Amino acid sequence: MNTPFFPVILAGGKGERFWPLSRVLRPKQFLSLDGSSRSLLQATADRLLQIADGWQNLWVITSSQLAQGVVEQLPLLPSENLLVESQGRDTAAAVAWASLSIKKRYGEEAIIGFFPADHWIADLEAFAATLSAATQLAASSEAIVTLGIKPTFPSTGYGYIEEGEKIGSFDELPFFHVNRFTEKPDRETAEKFLATKRFSWNSGMFIFRAGVVLKELHTHAPEIIQPLEQQGEEDVYPQLPKKSIDYALMEKTSIAYVLPVEFGWDDLGDWNAIERLLKKEENPNVELATHVGLDTQGAVIYATDPEDVIVTIGLEDVVIVRDRNVTLIVKKDRTQEIKQILKTLQSDSRFTELL
């Protein structure tokens with residue numbers, strides 16, 4: 001990649017649907033969930049480093065609660081490349097602040113990419129080729145490029161991007177003007193989307209020149225970018241509107257382009273993602289624990305302590321997680337409701353240490 005590229009890792013999320021393994025000071029991005037020795041954050045940094053040409057070009061934005069954990073996990077990250085939010089204000093504020101910071105240091109032509117810290121990607125070579133093509137479009141055009149994941153099933157948990165007119169190709173990868181973004185659809189709508197072959201999953205990964213995105217933020221989200229420019233992050237960040245970059249900018253801009261990609265991707269949204277990653281045909285369950293089972297199938301079983309033994313009888317399609325002093329047992333089709341249980345725990349002082 002000839003053009004200097006500055007990837008920014010968005011590492012401020014909570015990952016609540018991976019509770020009890022994911023907790024306030026040990027969120028999902030600090031965990032290894034694929035059986036490797038690298039956390040999701042470390043794996044994200046690993047695959048971006050070669051593309052970024054070293055640590056000096058890699059940036060991370062995170063919360064004040066998690067900053068020390070980021071430093072521990074990425075000790076070679078330059079301290080000036082770590083942006084610490086005084087209060088989480090969602091991705092629009094994070095993108096605006098990081099883009100403004102990189103522009104001040106490297107100028108308006110700097111090409112920036114934003115990448116969530118908790119994604120899993122299988123084909124690193126295809127991922128690098130995709131980013132090379134995306135940066136070529138961003139460098140040559142007034143463009144905000146988003147990576148769209150070619151859907152493999154009618155998911156109701158992802159947002160969708162509809163492809164419009166094809167505008168050309170870079171490195172034989174086609175780019176399309178974005179017709180529209182659609183929030184998480186119902187099953188029937190998702191099936192219709194797949195049938196058209198014009199829709200991609202919204203990956204939440206974006207590439208653009210600093211000057212281009214800042215100009216678009218001035219047009220579509222002045223309430224976010226103007227206070228940051230005029231007063232600085234320290235004075236205004238907690239007062240900024242809490243909006244996603246999709247809602248604040250991507251759904252409004254006329255220069256959004258999508259590159260549909262296939263490199264093996266999962267956003268690891270909840271415990272069911274572990275089954276998608278690690279399920280083997282010869283085993284009826286996914287076992288990341290010492291498990292003794294009788295008539296148990298379709299289960300995801302996880303324990304942090306190798307001395308813990310989980311015994312099951314007659315269970316089907318459940319998730320069982322044992323972490324320290326908490327055991328979670330939930331049907332696989334109800335893992336999204338873990339966030340509701342956390343609200344219950346938060347309201348009771350007896351359970352503060354479990355969060």
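(A) Highlighting the overall build of the chain. Along its length, the chain carries 11 helices and 17 strands. Along the first, second and third principal axes, the C-alpha atoms of the chain reach 60 × 45 × 35 Å. Taken over 355 residues, the chain has a buried fraction of 52%. The long-range fraction of contacts in the chain, counting pairs at least 24 apart against all pairs at least 6 apart in sequence, stands at 66%.

(B) Spatial organisation of the layout of surface pockets. If you add up the space inside the second largest pocket, you get close to 290 Å³. What lines the second largest pocket is a set of 19 residues, among which Lys-150, Glu-163, Pro-260, Val-261 and Glu-262 lie closest to the centre. Secondary structure elements with two or more residues in the lining of the second largest pocket: α4 (124–140), β8 (173–182), α5 (187–196), β9 (199–209) and β10 (256–261). Within the lining of the second largest pocket, the residues separate by chemical class into 12 nonpolar, two polar and five charged.

(C) Focus on the nonpolar core. Counting 88 residues, the largest nonpolar core has Ile-9, Phe-127, Leu-131, Ile-207, Leu-217, Leu-228 and Phe-263 as its most contacted members. Looking at this core, the element that brings in the most residues is helix α3 (residues 90–106), giving nine residues. Ignoring any residue separated from it by four or fewer positions in sequence, one finds Phe-127 in contact with Arg-47, Leu-48, Ile-51, Phe-115, Ile-121, Met-205 and Phe-263. Residues Leu-21, Tyr-302, Val-321 and Ile-338 belong to the second largest nonpolar core, which totals 23 residues.

(D) Structural context of empty space enclosed by the protein. Applying the stated criterion across every chain yields a total of one cavity of 30 Å³ or more. Put simply, the largest cavity is a space of about 30 Å³. Lining the largest cavity are Thr-44, Arg-47, Phe-115, Pro-116, His-119, Ile-121, Phe-127 and Met-205. Among the elements of the structure, α1 (40–52) and β4 (111–116) are those that each provide at least two residues to the lining of the largest cavity.

Reading guide: rules and limits
- Residues numbered from 1 in each chain as written.
- Predicted model: local features only at pLDDT ≥ 70, side-chain atom pairs only at ≥ 80, totals over all residues.
- Heavy atoms only, no water.
- Helix = DSSP H or I, 4+ residues; strand = E, 2+ residues; numbered from the N terminus.
- Buried < 20%, exposed > 50% of the residue type's maximum accessible area, 1.4 Å probe, protein only.
- Contact = heavy atoms within 4.5 Å.
- 1 Å grid on protein atoms, 1.4 Å probe; cavity = no way out; pocket = protein on both sides within 12 Å on 5 of 7 lines; lining within 4 Å.
- Points joined across faces, edges and corners; volume = space filled by probe spheres on them.
- Nonpolar A, V, L, I, M, F, W, Y, C, P; charged D, E, K, R; others polar.
- Core = buried A, V, L, I, M, F, W, Y, C linked by side-chain atoms within 4.5 Å.

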